[in-house]
Amino acid sequence: MGIEEKLPSGVLLSTVEGLVGYFRKASFWPVTFGLACCAIEMMTYGAPVYDSGRWGQEVFRASPRQADLMIVAGRVSQKMAPVVRQIYDQMPNPKYVLAMGVCASSGGMFNNYAIVQGVDHIVPVDMYLPGCPPRPEMLIDAMFKLMDKVQHQPLGPNRVRAELEREARQLAAIPSEEMKGLLR
Ligand code: SF4
């Protein structure tokens, strides 16, 4: 399929937002980061069978300063929570978070005081992926949904405002159970 099939008249009209979104979604650099069993599936996602290099993600960056995507793969213990937040803070903007697996998304079966009941109590989450563990195919699906979301995000001050509002909303969210997250 060539672009000429989409553009029979040879003319393409778009917006700056549309173009920037298009390039951003195709240039994610995930940070090297795994917390528990879900991380094994995440590693498989980057291995030859699934080959995340097909959409430019074969290199998981060793430094958060070179990464713009955090895949939270595994349950987040209370001890790890400040570390997760520090890594997130060290990543340059714009940055995105994908909560991989039921544990990262909501605490999952670890309904106890040692585990944060959802990583969105610590960092703003852009995409939730359920399952225990989610298969690499599911991660691919979530990744493409995230790419679609990124493509349609606003730019500039509108985006900054939207991000701040979203983070404030998520940090103030009522926990699903009586247990409190680290920042409560
Ligand atoms: S969702 Fe399942 S596989 Fe993933 S970290 Fe939790 S227990 Fe492990």
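Everything numeric here is computed off the predicted structure, so don't read it as measured data.

Undergrad: Hey, could you run me through the layout of surface pockets in this one?
TA: To find leftover empty space, a probe the size of one water molecule is rolled over the atoms. The calculated volume of the largest pocket comes to roughly 260 Å³. The wall of the largest pocket is formed by 13 residues, among which Tyr88, Asn93, Lys95, Arg159 and Glu163 lie closest to the centre. If you list the elements that add at least two residues to the lining of the largest pocket, you get helix H4 (81-90) and helix H7 (156-171).

Undergrad: Would you mind showing me how to read the environment of glycine 156 here?
TA: Relative to the helices and strands, glycine 156 is located in helix H7. Once the C-alpha coordinates of glycine 156 and serine 77 are considered, the two residues, 79 residues apart in sequence, prove to be 34 Å apart.

Undergrad: Explain the pattern of salt bridges here, please?
TA: Close approach of charged atoms lets side chains of opposite charge pair. This structure, assessed with the given rule, holds four salt bridges. Across the pair arginine 85 and aspartate 89 runs a salt bridge, and its minimum N-O distance is 3.0 Å. With arginine 85 and aspartate 89 both in helix H4 and four residues apart, the pair spans about one turn of that helix. Look at arginine 85 and you get partly exposed, because its relative accessible area is 21%. Judged by relative accessible area, aspartate 89 falls into the partly exposed class, the value being 47%. Between aspartate 141 and lysine 145 there is a salt bridge, with its nearest N and O atoms 2.8 Å apart. Pair noted here: aspartate 141 and lysine 145 are both in helix H6 (residues 136-151), with a separation of four residues, about one helical turn. When its relative accessible area of 45% is taken as the criterion, lysine 145 is described as partly exposed. Through salt bridges with shared partners, one network takes in Glu41, Arg135 and Glu137.

Undergrad: Help me understand the site of the ligand in this model?
TA: The immediate surroundings of the ligand are formed by Ala36, Cys37, Cys38, Gly74, Arg75, Val102, Cys103, Met109, Gly131, Cys132 and Pro133. Of the residues contributing to the shell around the ligand, the split by class is eight nonpolar, two polar and one charged.

Undergrad: Please explain the nonpolar core as it appears in this structure.
TA: For soluble globular proteins, nonpolar side chains are generally found buried alongside one another. The biggest cluster of nonpolar side chains holds 22 residues, and the ones touching the most others in it are Phe28, Ile71, Leu98, Met100, Leu139, Met143 and Leu146. Broken down by element, this core gets its largest block of residues, seven residues, from H6. Dropping the residues within four chain positions of it, methionine 143 is found in contact with Phe28, Tyr45, Trp55, Gln57, Leu69, Ile71 and Leu98. Val31, Leu35, Ala67 and Ala99 belong to the second largest nonpolar core, which has 20 residues in total.

Undergrad: Whenever I open this one, empty space enclosed by the protein confuses me. Can you help?
TA: In total, this model carries one cavity of 30 Å³ or more according to the counting rule given. Of the pockets and cavities examined, the largest cavity occupies roughly 30 Å³. Lining the largest cavity are Glu17, Val20, Gly21, Arg24, Val150, Gln151, Gln153, Pro154 and Leu155. Breaking the lining of the largest cavity down by element, the ones donating at least two residues are helix H2 (16-25) and H6. Considering each element in turn, the lining of the largest cavity owes the most residues, four residues, to H2. Taken together, the residues of the lining of the largest cavity sort by class into four nonpolar, three polar and two charged.

Undergrad: Even after reading the chapter, I still don't get H7, so can you show me in this structure?
TA: The periodicity of an α-helix, 3.6 residues per turn, causes residues three or four positions apart to be oriented the same way. Taking 1.5 Å as the rise per residue, H7 with 16 residues should run 22 Å; its terminal C-alpha atoms sit 23 Å apart, in good agreement. Among the residues of H7, those classed as buried are Arg159, Glu163, Arg166, Glu167 and Gln170. Down the axis, H7 shows its buried residues gathered within 95° of arc, on one side only. Pointing more than 90 degrees away from the buried face of H7 are the exposed residues Pro157, Leu164 and Arg169. Residues of H7 that are buried sit in contact with H2, H4, strand S2 (96-100) and strand S3 (127-129).

Definitions and cut-offs
Residues numbered from 1 in each chain as written. Predicted model: local features only at pLDDT ≥ 70, side-chain atom pairs only at ≥ 80, totals over all residues. Heavy atoms only, no water. 1 Å grid on protein atoms, 1.4 Å probe; cavity = no way out; pocket = protein on both sides within 12 Å on 5 of 7 lines; lining within 4 Å. Points joined across faces, edges and corners; volume = space filled by probe spheres on them. Helix = DSSP H or I, 4+ residues; strand = E, 2+ residues; numbered from the N terminus. Salt bridge = Lys/Arg side-chain N within 4 Å of Asp/Glu carboxyl O. Buried < 20%, exposed > 50% of the residue type's maximum accessible area, 1.4 Å probe, protein only. Near = heavy atom within 4 Å. Nonpolar A, V, L, I, M, F, W, Y, C, P; charged D, E, K, R; others polar. Core = buried A, V, L, I, M, F, W, Y, C linked by side-chain atoms within 4.5 Å. Contact = heavy atoms within 4.5 Å. Expected span 1.5 Å × (residues − 1). Arc of directions from axis to C-beta.

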